[in-house]
Amino acid sequence: MEPLVQAGCCDRDTERSQKLSSIETTAERALQLCSRIVETEVVALPDAVGRVSAGDTVSLFSLPIHDHSAVDGYALGSSGKGSFRIVGRLTAGETPKDALNKSEAIRIMTGAPVPEGTECVVMQEHASVESGYVSPTFEVPVGDNVRRTGEDVRAFDTLVRAGTRLDARHTALLTASGLQNAGVVRKVRVAVLSTGNELRDTGVGMGPGHIFDTNRPMLRALLSSNRTEITDLGIERDNLEAITATLKNAARTHDLIITSGGVSVGEEDHLKPAVVAAGGSIESWRMAIKPGKPVALGKIGNAVYLGLPGNPLACFVDFLLLGRPIIDGLSGATRRDPLVQNAKAAFEWTRRPGRREFFPCNIVGTSEEGLPLLEKTGRAGSARLLPLIEADGLGVVDADCTDVQPGSHLQFYPFRADMGL
Ligand code: AMP
Ligand code: MG
């Protein structure tokens, strides 16, 4: 590993000489710091969306629950062709009384249980009816249009595995299986703190030299899923004692503390010494990415500590790269890497190599190979927000790239997934 462990210390000269680490190595280390939350709770299915399932759920029923017709038509006592005497009518919700014999049929609607003896169902569009007899217009194969008991799920099949993030699909399957509740991991308790003398909340008196605290509301929005319980710790001044006290206090009741600002090596960057003063351990990481190079990882008591950089775009990128996996690690969710797509550039760009670079971009077309063509939105900078708003996602170039030309290969992380769950 290439870690830069400085448990209990913060030597700034050592830090400057550290080599850069990859996102993967840093994320791996972040995950090592996470112990899975063991407390679980039972919640009603409508409230379970977004939560992480605590154990395997086994089906008590078969699905479909009974053999039934997939179409409006006629259930036939034998397959193939022929003429069948219509002996009755069945709609969804009713139950068949008698079995069909080989020469009989019954008028049947979608969802109605088929009578015993049914070999197939012919769609009404493929049947002609005359004087109480039905004749399929083609040879109907055995089993056609009959949904058999258990063809989807058999009793005692596993429906949902432990560690699954529950979404609308699980709601559907669990409900179809007669369940009302789900056992889930308790929510991850996350505390969010901004640090900086210059920061003010909106609506609070602004003076010269002040800016609005952007990261805290942004992080709260990024964290706002049913999986987390967020505590807003507000803004702390650049003061070692004050930050130490806040961190120490938060560590008692949270699984994760996320701060922004103050993790570089400036004279007013107090976060790393504060973690140590709060009784924790801290590691400085310099990721080979742009924006978002400096981050801090640590532990204060049982709480994981994630120190994000102050520049909003850097804070945003590092939260996605590290914060999300940490929440997964704490909640025991099965690891899920972000969806990355191959893409092509529609722009020219000369850049200094050394760090993998993320930049807001949007899709402006499709290349000959069918890949998205990307254009940068505005001039990226770790403190700029407008290009982010205009973007469809983040484009990525490798660390050694010096020159991007129209048609150059890029990677793309889309923000939006219309089929996303
Ligand atoms: P720092 O990481 O504290 O050195 O901050 C880097 C830059 O990000 C500075 O220009 C800060 O003013 C700015 N910054 C820090 N925290 C925030 C925040 N919460 N919202 C907006 N900008 C911030
Ligand atoms: Mg600062």
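Here the structure is a predicted model, which is why all the values come from computation and not from measurement.

Reading the values: the criteria
Numbering of residues begins from 1 in every chain and follows the order in which that chain's sequence is written. Written order determines the labels here, with chains lettered from A and ligands numbered from 1. Two thresholds apply to this predicted model, a pLDDT of at least 70 for residue-level local features and 80 or more for giving and counting side-chain atom pairs, whereas whole-chain, interface and lining totals are computed over all residues. Only heavy atoms go into the side-chain values, all of them from the structure, while hydrogens and water stay out. Note that domain bounds follow an automatic or database assignment of domains. The contact definition used throughout considers only heavy atoms, calling two residues in contact when any of these lie within 4.5 Å. Defined here as a combined quantity, buried area equals the accessible surface (1.4 Å probe) lost by two parts on assembly, summed across both. We count a salt bridge whenever a side-chain nitrogen from Lys or Arg sits within 4 Å of a carboxyl oxygen from Asp or Glu. Only DSSP runs of H or I covering at least 4 residues are called helices, and only runs of E covering at least 2 are called strands; the numbering of each starts at the N terminus. Amino acids outside the nonpolar list (Ala, Val, Leu, Ile, Met, Phe, Trp, Tyr, Cys, Pro) and the charged list (Asp, Glu, Lys, Arg) are all regarded as polar, and Gly is one of them. In protein, a polar contact means a hydrogen-donor-capable atom and an acceptor-capable atom, both N or O and within 3.5 Å, with residues adjacent in sequence counting only if both atoms are side-chain atoms; elsewhere, any N or O pair within 3.5 Å suffices.

**Observations concerning the domain arrangement of the protein**
So, point 1. As assigned here, the protein comprises domain 1 (9-39 + 187-331), domain 2 (47-62 + 152-185), domain 3 (68-147) and domain 4 (341-418).
So, point 2. Domain 1 puts 17 residues into the contact, and the matching count from domain 4 is 14 residues.
So, point 3. Overall, the association of domain 1 and domain 4 removes approximately 1,400 Å² of surface from exposure, summing both partners, and the carbon and sulfur fraction of that is 69%.
So, point 4. Looking at the side of domain 1 facing domain 4, the largest losses of area belong to Lys290, Leu313 and Phe316, adding up to 41% of the total buried there.
So, point 5. Summed over the shared surface of domain 1 and domain 4, the number is one salt bridge.
So, point 6. As a salt-bridge pair, Glu24 and Arg356 come within 3.5 Å of each other at their nearest N and O atoms.
So, point 7. Put simply, the parts of the chain that give the side of domain 1 that touches domain 4 at least two residues each are helix H2 (23-32), strand E19 (289-290) and helix H8 (312-331).
So, point 8. Per-element tally for the side of domain 1 that touches domain 4: the top contributor is H8, with six residues.
So, point 9. The residue inventory of the side of domain 1 that touches domain 4, partitioned by class, reads 12 nonpolar, two polar and three charged.

**Points about the side chain of Asp269**
So, point 1. Inspection of the secondary structure puts Asp269 in the loop between strand E17 (256-260) and helix H7 (271-277).
So, point 2. At 3.5 Å, the side chain of Asp269 and the backbone nitrogen of Ser264 are in polar contact.
So, point 3. Engagement of the side chain of Asp269 in a polar contact is seen with the backbone nitrogen of Gly266, the distance being 2.7 Å.

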